[in-house]
Amino acid sequence: MRNGARAARAAAGSGALLLGLGACGLLGGNGNTGQICGDTKQAYQQYIAQVRVASADDSAQWKQATEQLAGRIDALAKKAEKKELKQALDDEVKRLRTAAASVGTGDAAQLNSAMSGTPDRIGKACS
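In this text, all values refer to a predicted model and were calculated from it rather than measured experimentally. (Residues numbered from 1 in each chain as written. Predicted model: local features only at pLDDT ≥ 70, side-chain atom pairs only at ≥ 80, totals over all residues. Heavy atoms only, no water.)

### As for helix H6 (residues 109-126)
Helix length check: H6 (18 residues) gives 26 Å between terminal C-alpha atoms against 26 Å at 1.5 Å per residue, within 8%. What H6 keeps buried is the set Leu111, Asn112, Ala114, Met115, Gly117, Thr118, Pro119, Ile122, Ala125 and Cys126. (Helix = DSSP H or I, 4+ residues; strand = E, 2+ residues; numbered from the N terminus. Expected span 1.5 Å × (residues − 1). Buried < 20%, exposed > 50% of the residue type's maximum accessible area, 1.4 Å probe, protein only.)

What follows is the structure, encoded as structure tokens:
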């Protein structure tokens, strides 16, 4: 991957991502919000585990993992009952799909951008 260092930073920044999503699943008494937020956190945990072992130079692995994450988040968005959460997840799916396309060409900038704001965006919608 041309920007392997960026990909490595995306994986390294995953600790902040998980901390930001830490309350997910514990909050939200609105319908199925707690379950959706918990499942969202789990999806990101699995993604992070997957990309941590992926070579920073193998853009195909990063693209596939990011596309899979987008698919999981999309499925959760469809199940979300809380309007704000559904919208936040839908927006996240768009960011992830854009990131998957660019990371597939070796550019991790979109992925870094998508991941850096996720804790605030999803955390806010889960509260």
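There's plenty left to go through after this.
### A closer look at the packing of helix H3 (residues 33-52) against helix H5 (residues 83-103)
Following both chains from N to C, one finds H3 and H5 inclined at 20°, their axes separated by 11 Å at the closest point. The orientation of H3 with respect to H5, classified from their angle, is roughly parallel. H3 and H5 meet at a crossing whose hand is left-handed. From H3, Thr33, Ile36, Cys37, Thr40 and Tyr44 reach across to H5, where they touch Leu85, Leu89, Glu92 and Leu96. (Axes fitted to C-alpha atoms, helices over the stretch in contact; angles between N-to-C directions. Parallel < 35°, antiparallel > 145°, perpendicular 65-115°, else oblique. Left-handed = near helix turned anticlockwise from the far one by under 90°. Contact = heavy atoms within 4.5 Å.)

### Remarks on the side chain of Thr40
Counting through the fold element by element, Thr40 comes out in helix H3. Look at Thr40 and you get buried, because its relative accessible area is 1%. If near-sequence neighbours (up to four positions away) are discounted, Thr40 is found in contact with Ile73, Leu76, Leu89 and Ile122.

### A look at helix H4 (residues 59-79)
Compared with an ideal rise of 1.5 Å per residue, which puts 21 residues at 30 Å, H4 spans 31 Å between its outermost C-alpha atoms and is within 8% of the ideal. Along H4, the positions that sit buried rather than exposed are Ser59, Trp62, Ala65, Thr66, Leu69, Ala70, Ile73, Asp74, Leu76 and Ala77.

### With respect to the state of the cysteines
Here, disulfide denotes a covalent bond that connects the sulfur atoms of two cysteines. One pass over the structure, following the stated rule, counts 1 disulfide. The disulfide that involves Cys37 links it to Cys126, with 1.9 Å between the sulfurs. On the S-S bond that ties Cys37 to Cys126, the torsion sits near -105°, and the link is left-handed. Residue Cys37 is located in helix H3, and its partner Cys126 is located in helix H6; the two are separated by 89 residues in the primary sequence. For the residue pair Cys37 and Cys126, the accessibility class agrees, reading buried in each case. (Disulfide = S-S within 2.5 Å.)

### So, the confidence of the model for the protein
Per-residue pLDDT for the protein averages 83, and the proportion of residues at 70 or more is 76%. The element-level mean pLDDT for the protein is lowest in helix H1 (residues 4-12), coming to 49, with H4 highest at 96. Confidence drops under a pLDDT of 50 for residues 2-6, and excluding neighbours within four residues, the segment shows 11 contacts in the predicted structure. (pLDDT = per-residue confidence, 0-100.)

### As for the nonpolar core
A general trend in soluble globular proteins is that nonpolar side chains are found buried together. Ranked by internal contacts, the top residues of the largest apolar core, which has 29 residues, are Tyr47, Leu69, Ile73, Leu85 and Leu89. Breaking this core down by element, the ones donating at least two residues are H3, H4, H5 and H6. In contact with Leu89, not counting residues within four places along its chain, are Ile36, Thr40, Ile73, Leu76, Ala77 and Ile122. (Core = buried A, V, L, I, M, F, W, Y, C linked by side-chain atoms within 4.5 Å.)

### Some details on the environment of Asn32
Locating Asn32 in the fold gives a position in the loop between helix H2 (14-20) and H3. You can call Asn32 buried: its relative accessible area is 19%. With sequence-adjacent residues up to four places away left out, Asn32 is seen in contact with Lys79, Ala80 and Glu81. There is a polar contact of 2.8 Å between the side chain of Asn32 and the backbone oxygen of Lys79. (Polar contact = N/O pair within 3.5 Å; in protein donor to acceptor, adjacent residues only side chain to side chain.)

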